[in-house]
Amino acid sequence: MSPSRSWLLRLVIAFCFAQAAVSMARPAVSYRALALGADERAIGVIAGVYALLPLFAAVPLGRRTDHGRCAPLLPFGVVLISGGCALSGVADSLPAMAAWSGVMGLGHLCFVIGAQSIVARQSAPAEQDRNFGHFTIGASFGQLVGPMAAGWLIGGDMSRTSALALVVSAGVGVLSLASLWRIEHRAPLPTRRHGPKVPVHRILRTRGVPAGILISLAVLSATDILTAYLPVIGEHRDIAPVTVGLLLSLRAAATIACRLAMPPMIRLLGRTALLAVSCLLAALLCAGIALPVPVPALALMLAALGFCLGVGQPLSMTTVVQAAPAEARSTALALRLTGNRLGQVAAPASAGLIAGVAGTAAPFVMLGVLLLVAAGLGTRKSRRTDGERPPVRADHPAAQRPRSRR
């Protein structure tokens, strides 16, 4: 990687550790809650609280980032992630676990808003698909390692070992601080600091932004419910925690493979067709998980599902960034994250209710329906976001960035 892009490599490394901490903690929270007597409904509520605080904080943080620096959000987010993980490990009641899960979710939001805004701000339009794809590879590596580590640590004494996994995840999160140096180019623009705020309703009415938000919501809800409810499926089907961790890691590995292969897939199919087809296939695979299939078949389905789900997040970021007004891109990304968190509140809560009534496999049928809707939205995206690049504004960092080595 060239020196001018070393910031992206360090950002990917930091995101890998931060996401690994969260991905390790999420199934550990589910197992610890089960050890404390939680049922399917309580698991859904705890998973939903993870997204509740971020739901209200995303837009204010995005506004702040549009008119200021992004980098301070990263270490602040890491502190909240690690604190939420550690305190979840010592909590001895379900309400306390839910509260610290919310703190963890707020930390993850802070980190992601800051990091996505840096990528959007420091990438030329022609680089955005590639850079957002590389950025999300960090998340996928974390999602690969985290559940596997949780599965290895959680054993017979579920209460003790799940608490250990949560404390270890806090330490993993702290490691991300090591690469958070000189991530952001120090050239803040006057228009970013003093320009007028673009109304939220104007951003949401911009063609391409609502579709990007809703596709991202559907894809992330699928990933989130997989992480929270596969341990419950495993308990009901007598699948060991270590196997569940390996299955979740297999899904993440397939997502990494997808994101590495995404540039040629975009050239072959175009962004719109790739989004629609991937969501359609993911819908069918999610519904298939509801079937009582053997573990090898479940592994193949999760690998294929992980590959399909790998498309939605980076391409929805590019869709929103390129469609939104240039002076409100961080706010638009924050609105996308608000949609994600709304899905993370509503989807697990709905999944908990459905699981309590229709069984633990029913939430995956619900995900299939949600992804079918996303596939339909994917076909209605703006033509401009399907390979056509907007002109670079004179006040955009990519236009002002010197061509010489930094």
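Treat the numbers as computed from the prediction; the structure is a model and nothing was measured.

### Looking at the overall build of the protein chain
Looking only at helices and strands, one finds 18 helices and 0 strands in the protein chain. When the 406 residues of the protein chain are sorted by exposure, 61% land in the buried category. Residue pairs in contact within the protein chain that sit at least 24 positions apart in sequence constitute 86% of those at least 6 positions apart. Only carbon and sulfur atoms are counted for the fraction: they give 68% of the accessible area of the protein chain, which is about 15,200 Å².

### With respect to the packing of helix α4 (residues 73-90) against helix α7 (residues 158-175)
Packing of α4 against α7 leaves a shortest axis separation of 7 Å and a crossing angle of 165°. Taken as axis vectors, α4 and α7 run roughly antiparallel relative to one another. α4 and α7 meet at a crossing whose hand is left-handed. Packed against α4, whose contacting residues are Val78, Ser82, Cys85, Ala86, Ser88 and Gly89, the element α7 presents Ala163, Leu166, Val167, Ser169, Ala170, Gly173 and Val174 at the interface. A breakdown of the residues in the contact of α4 with α7 according to their chemical character gives 8 nonpolar, 5 polar and no charged.

### Some words on a nonpolar patch on the surface
A cluster of nonpolar residues, Val277, Leu280, Leu281, Leu284 and Leu372, forms a patch on the protein surface that exposes about 440 Å² of accessible area. No other element matches the 4 residues that helix α13 (residues 271-289) contributes to the nonpolar patch. Structurally, Leu372 is set in helix α17 (residues 362-378). The class of Leu372 is partly exposed, set by a relative accessible area of 43%.

### Details of the side chain of Ser101
Structurally, the position occupied by Ser101 is in helix α5 (residues 94-122). Looking at Ser101, the relative accessible area reads 2%, which means it is buried.

### Topic: the state of the cysteines
Summed over all chains, the structure comprises 0 disulfides. We note that Cys279 lacks a disulfide partner, and the nearest cysteine sulfur, in Cys308, lies 8.9 Å from it.

### Thoughts on the side chain of Gln19
Its location among the elements puts Gln19 in helix α1 (residues 6-35). Residues in contact with Gln19, not counting those within four places in the same chain, are His108, Gly138, Ala139, Gly142 and Gln143.

### Thoughts on helix α12 (residues 262-269)
Every buried residue belonging to α12 is among Met262, Met265 and Ile266, and all of these are buried. Across the axial projection of α12, the buried residues extend over an arc of 100°, all falling on one side. For α12, the exposed residues lying more than 90 degrees away from the buried face are Arg267 and Leu268. Gly270 sits one or two residues past α12 and shows a positive phi near 90°.

### A word on the pattern of salt bridges
Summed over all chains, the structure comprises 1 salt bridge. Arg160 is paired through a salt bridge with Asp157; the nearest N and O atoms lie 3.7 Å apart. The exposure class assigned to Arg160 is exposed, which follows from its relative accessible area of 52%.

### Structural notes on α5
Compared with an ideal rise of 1.5 Å per residue, which puts 29 residues at 42 Å, α5 spans 42 Å between its outermost C-alpha atoms and is within 8% of the ideal. Across the 29 residues of α5, 22 count as buried, placing the element largely inside the fold. With a side-chain oxygen lying 3.3 Å from the backbone nitrogen of Ala96, the N-terminal cap of α5 falls on Ser93.

Thresholds applied
Residues numbered from 1 in each chain as written. Predicted model: local features only at pLDDT ≥ 70, side-chain atom pairs only at ≥ 80, totals over all residues. Heavy atoms only, no water. Helix = DSSP H or I, 4+ residues; strand = E, 2+ residues; numbered from the N terminus. Buried < 20%, exposed > 50% of the residue type's maximum accessible area, 1.4 Å probe, protein only. Contact = heavy atoms within 4.5 Å. Areas by Shrake-Rupley, 256 points an atom, 1.4 Å probe, with all protein chains shown as cover. Axes fitted to C-alpha atoms, helices over the stretch in contact; angles between N-to-C directions. Parallel < 35°, antiparallel > 145°, perpendicular 65-115°, else oblique. Left-handed = near helix turned anticlockwise from the far one by under 90°. Nonpolar A, V, L, I, M, F, W, Y, C, P; charged D, E, K, R; others polar. Patch = residues over 30% accessible without salt bridge, like charges linked within 9 Å, V, L, I, M, F, W, Y side chains within 5 Å. Salt bridge = Lys/Arg side-chain N within 4 Å of Asp/Glu carboxyl O. Disulfide = S-S within 2.5 Å. Arc of directions from axis to C-beta. Expected span 1.5 Å × (residues − 1). Polar contact = N/O pair within 3.5 Å; in protein donor to acceptor, adjacent residues only side chain to side chain.

Honestly, that's just the spatial picture; any functional story needs more than this.
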